[in-house]
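One letter stands for each residue in the lines below.
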Amino acid sequence: MTTPRVVATPIAPAPPVSALRLLTPRRVPESLVAATLPGPGRDRLTAGEVLVVTTGQQPGLFTGPIYTIYKALSAIALARRLEQEWGIHVVPVFWVAGDDHDFHEANHATVLNGAGLPLRIVLRERPADAPAWTMARERGGPEILEALARLRGETPNSEFKEAVLSWLEAAYRPEATLADAFAHALNTLLGDRGLAVTKPYAEPVKREM
């Protein structure tokens, strides 16, 4: 089996300060702040006029493909770089696309099993004639407990495993929607690093859209 190789990808230099003439720091609408999960990122959104670096992704089981986490980390790193070089407040914002309804993309996660081989964990399949709920309405249901049990039972043990499982179990619950579970997990993981996790599918935002 080929061992994966990690290749550093440095962030490109920030645009010159003259580019600021094209950008105007603004106050973030209260509706968007209300739809943002608690944490340092949301606090900074309320602190006055700011710029934001945005990224986002539709919800996925157990936060979905790993590039989702990379996108969030990249937004954090870029916001810090711009803030340092431009001398203004820049907040990284992650847009949780809970209005996405493609359950086929959100109902599974692929991890490595104890043998180091890909293991596909599927929450459940949606019947062809079933309502196409958005991920903001699709709940984990009892199947989420079975998916978590497979994740626990079929992945290798490590010093990190219990912490990772506890993190996911706190977010992915039967009564939680896949969008809310995704947002909760991402906020728990990266909220303390300044990421503002926003739920644009929440009622305060929808009233103004």
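Presented here is an overview of the structure given in this document. (Residues numbered from 1 in each chain as written. Predicted model: local features only at pLDDT ≥ 70, side-chain atom pairs only at ≥ 80, totals over all residues. Heavy atoms only, no water.)

1. Considerations on the sheet that holds strand 5 (residues 196-198)
Thought 1: Strand order in the open sheet made by the three strands is 1-2-5, with parallel pairing throughout. In this open sheet, the two edge strands, each paired with only one partner strand, are strand 1 (51-57) and strand 5. Averaged over all pairs of adjacent strands, the angle between strand axes in this sheet comes to 30°, irrespective of strand direction.
Thought 2: Pairing analysis gives three bridges linking strand 2 (residues 90-96) to strand 5, with the strands arranged parallel. Bridge pairing in strand 5 places Val-93 opposite Ala-196.
Thought 3: Across the sheet, helix 7 (residues 178-190) lies against strand 1, strand 2 and strand 5, angled at about 150° from strand 2, the strand it touches most. (Pairing = 2+ DSSP bridges. Helix = DSSP H or I, 4+ residues; strand = E, 2+ residues; numbered from the N terminus. Axes fitted to C-alpha atoms, helices over the stretch in contact; angles between N-to-C directions. Contact = heavy atoms within 4.5 Å.)

2. Topic: the pairing of strand 1
Thought 1: Of all the seven residues making up strand 1, five are buried; the element is thus mostly covered by neighbouring parts of the structure.
Thought 2: As paired elements, strand 1 and strand 2 share seven bridges and run parallel to each other. Counted as the bridge partner of Thr-55 is Phe-94 from strand 2.
Thought 3: For the handedness criterion, the β-α-β arrangement of strand 1, helix 3 (residues 67-86) and strand 2 is classed as right-handed. (Buried < 20%, exposed > 50% of the residue type's maximum accessible area, 1.4 Å probe, protein only. Right-handed = clockwise from strand over helix to strand, strands pointing away.)

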